Amino acid sequence: MANYKELDETLALVYDHATFEQIQALLRTRKGDENVKITAETKEQIVYKNLRDAIDARAIDIEKVFDLIRDSEENGSQHIFYYKRKRSTPLEALAFDSVARQLFGKDWETQLENFPAIKQRPNSYQRSDFRKLPKRPSDWVLKVYGHTLVTRFTGKTEERQANHFWREYVTEDLRIVLMARWNAPDLLEIRVQRNESRRRIEEWHNRMWEMLGPAVVRRQFEPWELSKGIANLITEQRNNKALYTFRDASVIDKSGVHATFQMYEDQGGDLFASIETRDSIEGYLSAKGDFKGLTVTWEKQKSGTPQKELRVFLAARELHETVVSAHSAREDLDYVTNQLRQFNR
Amino acid sequence: MLRINFANLIDRHREDKRALQAIEEWLNRHQDTTVLYPSVLARETSLDAVSLAKALRILVKEGILRQVYKVKTPTGVLTDEEFNDPTEIPEQLPDRLNQYFATAESDVVPVFQMVA
């Protein structure tokens, strides 16, 4: 590590993006080393004490820490917009080399040697990584880092004189991570980090399409809507209890009545544990109710994928949009995409 | 579930033996549990609040559990987001249907996760 300032920035990224378990897994790779302590009471402690000490003692290579940041910021706490390749779009146009040449020019191979670019430029968006995925040589990822300043209301309002109210706003840095994930041969994911502002989500979604151009453009795809998948997941849940359960559902019937079903997690978290709820949701489905969101809990599997249960909110705002709230392993998110492919046929 | 050597723990914390044993028995009945909710433990172990809190604190100190905080949404369920400290809770959070709500008047609930 060149200096302490960089290490501080790196650790801050780890703290923001990696889970406690991911950090612990990294430390565990050097279990037995006297400079590596694996247990900690808090995330702050494991990042700013255990991991820092391990890096300072050179027990953990800083490159491994960068890998941890990349893995954790790319998978989870995101909106994922799914797009399906149109039949008229040749598959070769989406091959890694073809996309790389169009995005980075003739000397693309030299340019890619400088990736990943961890550092950001202020007030701009930049392509920071473009790579193939291990074990999936036809798939690729394009990552974009953005930075902007946002002004937000702090929630404080003060009456300073009669009929005059002062609202407090602060300006803050906002680091943005956007991503496109190509799942050959037909599915493109646009991943956008979560934010309370829907306007920003849509702006970032559009920005990612801009950053994909001219190699990959929206007209080559159509939104991959999950309505059929949601219907199949509901009707086939009885036979797939070991694969998935439901936790929340929101539906509007033909008369415009909006019903929401939610399960308390300390009571098991399985919506269909209640026969009445199952019957109701199946009733809405057969009456062609419009699903406005369904949380599917993909259960941990003995095969190791998913490594732990993973919740995905389907049809979040649009039918081709999902929200993954927790940070996850890349393989686990790929597993969900594969499951959705099966159920959305 | 991670196997915990409760015998050693109880040896080191004799005064909390009853509460630790109650948690051990509860964990044996719920082998797939990865998250412990104090409300469930209180209901199903009949431990009083102080004994339960002390035993959970010991398990955190021993690195067996990790304490995080969650926020109750306006519909009374817990958010997916968890925080290491209540001071980290932002002014707005998404509920489980991805609708953002103001957290200022929401209840904050401690939750204990098994450390792998």
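Counting restarts for each chain: residues are numbered from 1 in the order of the written sequence. Chain letters start at A and ligand numbers start at 1, both assigned in the order the entries are written. In view of the model being predicted, local features appear only for residues whose pLDDT reaches at least 70, and side-chain atom pairs are presented and counted only at 80 or more, with totals across whole chains, interfaces and linings using the full set of residues.

Trainee: When you look at the overall build of chain A in this model, what are you seeing that I'm missing?
Mentor: Each helix is a run of H or I in the DSSP string that is no shorter than four residues. Each strand is a run of E no shorter than two, and both are numbered from the N terminus. Helix and strand counts for chain A stand at 10 helices and 11 strands. Buried, partly exposed and exposed are defined by the number of other C-beta atoms within 10 Å of a residue's own C-beta, namely 20 or more, between the two limits, and 12 or fewer respectively, with C-beta atoms placed from the backbone. Within chain A, the proportion of its 345 residues that are buried is 34%. The long-range share in chain A, meaning contacts at least 24 apart out of those at least 6 apart in sequence, stands at 60%. Here contacts are defined at the residue level, using C-beta atoms placed from the backbone and a cut-off of 7 Å between them.

Trainee: How should I be thinking about the overall build of chain B in this particular structure?
Mentor: Summing up its helical and strand segments, chain B has 4 helices and 5 strands in all. Going residue by residue from the N terminus, the α and β elements of chain B occur as α-α-β-α-α-β-β-β-β. C-alpha atoms of chain B, sized along the principal axes, occupy 45 × 25 × 25 Å. Within chain B, the fraction of its 116 residues that count as buried is 25%. The long-range share in chain B, meaning contacts at least 24 apart out of those at least 6 apart in sequence, stands at 48%.

Trainee: Would you mind going over the sheet that holds strand 1 (residues 35-36) of chain B with me for this structure?
Mentor: The pairing of strands in a sheet happens through backbone hydrogen bonds and is either parallel or antiparallel. Residue and element names in this part refer to chain B. Taken together, 3 strands build an open sheet; the order of strands is 1-5-2 and the sheet is antiparallel. Edge positions in the sheet fall to strand 1 and strand 2 (65-71), since each has one partner strand and no second. One bridge is not enough; two strands pair if DSSP finds at least two bridges between them. Bridge count between strand 1 and strand 5 (residues 108-114): 2 bridges; the pairing is antiparallel. Across the sheet, the residue bridging to L36 is F112, located in strand 5. Packing against the sheet, helix 4 (residues 49-61) makes contact with strand 2 and strand 5, and its axis sits at approximately 115 degrees to strand 2. For helices, the axis comes from a line fit to the C-alpha atoms of the stretch in contact; other axes are also lines fit to C-alpha atoms, and the angle between any two N-to-C directions lies between 0 and 180 degrees.

Trainee: Please clarify how the interface of chain B and chain A should be interpreted in this entry.
Mentor: The figure often quoted for interface size is the accessible area lost as the parts come together. At the interface, 21 residues of chain B touch 25 residues of chain A. At the level of secondary structure, the elements contributing two or more residues to the side of chain B that touches chain A comprise helix 3 (38-45) and strand 3 (92-94) of chain B. Among the residues making up the side of chain B that touches chain A, the classes are represented as 10 nonpolar, 6 polar and 5 charged. Under the grouping applied here, Gly and all other residues not named as nonpolar or charged are polar, the nonpolar ones being Ala, Val, Leu, Ile, Met, Phe, Trp, Tyr, Cys and Pro and the charged ones Asp, Glu, Lys and Arg.

Trainee: Would you explain the domain arrangement of chain A in this entry?
Mentor: Residues and elements named next belong to chain A. As used throughout, domain bounds are those supplied by an automatic or database domain assignment. Under the domain assignment used here, chain A contains domain 1 (4-74), domain 2 (77-223) and domain 3 (227-343). Centre-to-centre, using C-alpha coordinates, domain 1 lies 26 Å away from domain 2. Residue composition of the side of domain 1 that touches domain 2, grouped by class: 1 nonpolar, no polar and 3 charged.

Trainee: Is there a simple way to think about helix 8 (residues 227-235) of chain A in this case?
Mentor: Residues spaced three or four apart along an α-helix point in a common direction, a consequence of the helix completing one turn every 3.6 residues. Residue and element names in this part refer to chain A. What helix 8 keeps buried is the set G229, I230, L233 and I234. Projected onto a plane normal to the axis of helix 8, the buried residues spread over an arc of 130 degrees and lie on a single side. The secondary structure elements touched by the buried residues of helix 8 are strand 7 (244-252), helix 9 (275-286), strand 9 (290-298), strand 10 (310-314) and helix 10 (330-343). What the arc describes is the spread of directions from the helix axis to the C-beta atoms.

Trainee: Would you take a moment to explain the pairing of strand 3 (residues 136-161) of chain A for this structure?
Mentor: If a strand is regular, its side chains alternate between the two faces of the sheet. Residue and element names in this part refer to chain A. Of the strand pairs in this sheet, strand 2 (residues 125-133) and strand 3 are connected by 8 bridges, and their pairing is antiparallel. Residue R131 lies in a different strand from strand 3, and its bridge partner there is V141. As consecutive antiparallel partners, strand 2 and strand 3 are separated by 2 residues, and within that stretch K135 has a phi angle of approximately 70 degrees, a positive value. One ladder, built from 18 bridges, connects strand 3 with strand 4 (residues 164-183); its direction is antiparallel. When the sheet's bridge partners are listed, H147 is paired in strand 4 with R175. Between strand 3 and strand 4, which pair antiparallel in sequence order, lie 2 residues; one of them, N163, sits at a positive phi of approximately 65 degrees.

Trainee: Honestly, the environment of M179(A) in this entry has me stumped. Any pointers?
Mentor: All names here are of chain A. With respect to the helices and strands, the residue M179 is situated in strand 4. Remark: the alpha-carbon pair of M179 and L212, spanning 33 residues in sequence, is separated by 9.6 Å. Among all residues touching M179, those that are not within four sequence positions of it are E74, V141, L142, K143 and R191.

Trainee: Just checking my understanding: could you explain the nonpolar core for this structure?
Mentor: In a soluble, globular protein the nonpolar side chains are often hidden away together inside. All names here are of chain A. By size, the foremost hydrophobic cluster in this structure holds 58 residues, and its most contacted members are A180, M208, I230, L294, V296, V312 and L314. Looking at which domains feed residues into this core, each of domain 2 (77-223) and domain 3 (227-343) gives three or more. Beyond its immediate chain neighbours, meaning those up to four positions away, L294 contacts I230, F246, A249, L314 and A315. Think of a nonpolar core as buried Ala, Val, Leu, Ile, Met, Phe, Trp, Tyr and Cys residues, each tied to the set through C-beta atoms within 7 Å. L27, I46, V47 and L51 belong to the second-largest nonpolar core, a separate cluster that totals 16 residues.

Trainee: Explain the confidence of the model for chain B to me, please; I cannot follow it from the model alone.
Mentor: When pLDDT is low, close inspection of the predicted coordinates is not appropriate. Predictor confidence is given residue by residue as pLDDT, running from a minimum of 0 to a maximum of 100. Confidence in the prediction of chain B, expressed as mean pLDDT, is 90, and 97% of residues score 70 or more. Among the scores for the predicted complex, ipTM is 0.81 and pTM is 0.86.

Trainee: When you look at the packing of helix 3 of chain B against helix 4 of chain B in this model, what are you seeing that I'm missing?
Mentor: Residue and element names in this part refer to chain B. Two numbers describe how helix 3 lies on helix 4: the axes approach to 11 Å, and their chain directions differ by 125 degrees. Viewed along their axes, helix 3 and helix 4 adopt a mutual orientation that is oblique. At the point where helix 3 passes helix 4, the crossing takes the right-handed sense. Here P38, L41 and A42 of helix 3 lie close against helix 4, whose contacting residues are A49, L52 and L56. A breakdown of the residues in the contact of helix 3 with helix 4 according to their chemical character gives 6 nonpolar, no polar and no charged. Note on terminology: angles under 35 degrees are roughly parallel, angles over 145 are roughly antiparallel, angles of 65 to 115 are roughly perpendicular, and the others are oblique. For a crossing to be left-handed, the near helix must be turned anticlockwise from the far one by less than a right angle; the clockwise case is right-handed.

Trainee: Would you explain the environment of P90(B) in this entry?
Mentor: All names here are of chain B. Examined against the element boundaries, P90 turns out to sit in the loop between strand 2 and strand 3. For P90, a count of 12 C-beta atoms within 10 Å translates into the label exposed. Spatially, the C-alpha atoms of P90 and V60 are 25 Å apart, while their sequence positions differ by 30 residues.

Trainee: For this particular structure, what's the right way to read the domain arrangement of chain B?
Mentor: Residues and elements named next belong to chain B. On domain assignment, one finds that chain B holds domain 1 (6-63) and domain 2 (67-114). One C-alpha centre belongs to domain 1, the other to domain 2; they are set 24 Å apart. Elements that contribute at least two residues to the side of domain 1 that touches domain 2 include exactly strand 1 and helix 4. Along the lines of polarity and charge, the residues of the side of domain 1 that touches domain 2 split into 6 nonpolar, 1 polar and no charged.

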